[in-house]
Amino acid sequence: GRKESRWLELPHGAVLERIKVPVDLAGRSLGSLDLTGAHGLQVLVLLERDELGRERRAYPGADSVLADGMDLVVYGAREDVEAFLALHGGAAPAP
């Protein structure tokens, strides 16, 4: 049979973005932040480095606690991601 493509086209204006955890949110749980309700963002993946520098990926839950140096993969409208970063002084990580 024919293999189907695994690519998914996002809705117009939606983005998947890797962002650094803003310093003011470090130590807080995802559940307490309600990023979906407050900012329209869904956290899909938590990314951090282990002691050997290897990237570790974790599935986020409401009890996941954000840490300084951690990155998040978020999904949402481009303007919501930009507004969140502007509000919290966050930035997209260097490539």
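Residues numbered from 1 in each chain as written. Predicted model: local features only at pLDDT ≥ 70, side-chain atom pairs only at ≥ 80, totals over all residues. Heavy atoms only, no water.

### Quick word on the overall build of the chain
Moving on, step 1. Of regular secondary structure, the chain possesses 3 helices and 4 strands.
Moving on, step 2. The order of α-helices and β-strands along the chain, N terminus first, is β-α-α-β-β-β-α.
Moving on, step 3. When the 95 residues of the chain are sorted by exposure, 32% land in the buried category.
Moving on, step 4. About 6700 Å² of surface is accessible on the chain, with carbon and sulfur atoms providing 52% of the total.
Moving on, step 5. In the chain, the 11 positive side-chain charges and the 15 negative ones have mean positions that sit 9 Å from each other. (Helix = DSSP H or I, 4+ residues; strand = E, 2+ residues; numbered from the N terminus. Buried < 20%, exposed > 50% of the residue type's maximum accessible area, 1.4 Å probe, protein only. Areas by Shrake-Rupley, 256 points an atom, 1.4 Å probe, with all protein chains shown as cover. Lys, Arg positive; Asp, Glu negative; His and termini not counted. Charge placed at Lys NZ, Arg CZ, Asp CG, Glu CD.)

### Some remarks on the pattern of salt bridges
Two side chains with opposite charge may pair up if their charged atoms get near one another.
Moving on, step 1. According to the stated counting rule, one finds 5 salt bridges in the structure shown.
Moving on, step 2. In this structure, the salt-bridge partner of glutamate 48 is arginine 56, at a minimum N-O distance of 3.6 Å.
Moving on, step 3. Look at glutamate 48 and you get partly exposed, because its relative accessible area is 28%.
Moving on, step 4. Among the charged side chains, a network of salt bridges with common partners joins Arg18, Glu55, Arg57 and Asp71. (Salt bridge = Lys/Arg side-chain N within 4 Å of Asp/Glu carboxyl O.)

### Things to note about the environment of proline 11
Moving on, step 1. When you line up the elements, proline 11 lands in the segment before β1 (14-20).
Moving on, step 2. For the pair formed by proline 11 and glycine 76, sequence separation is 65 residues and the distance between their alpha carbons is 9.7 Å.

### Some words on helix α3 (residues 78-88)
Moving on, step 1. Buried within α3 we find Val81, Phe84, Leu85 and His88. One face of α3 carries all of its buried residues, which in axial projection span an arc of 95°. Among the exposed residues of α3, those oriented more than 90 degrees off its buried face are Glu79, Ala86 and Leu87.
Moving on, step 2. Each element contacted by the buried residues of α3 is listed here: β1, α2 (35-39) and β4 (71-77).
Moving on, step 3. Count one or two residues on from α3 and you reach glycine 89, which has phi positive near 65°. (Arc of directions from axis to C-beta. Contact = heavy atoms within 4.5 Å.)

### A look at the side chain of aspartate 50
Moving on, step 1. Structurally, aspartate 50 can be placed in the loop between β2 (42-49) and β3 (55-58).
Moving on, step 2. On the accessibility criterion, aspartate 50 (14% relative accessible area) is buried.
Moving on, step 3. For aspartate 50, the side chain forms a polar contact with the main-chain nitrogen of leucine 52, separated by 2.9 Å.
Moving on, step 4. Of note is the side chain of aspartate 50, whose polar atom sits 2.8 Å from the side chain of arginine 54. (Polar contact = N/O pair within 3.5 Å; in protein donor to acceptor, adjacent residues only side chain to side chain.)

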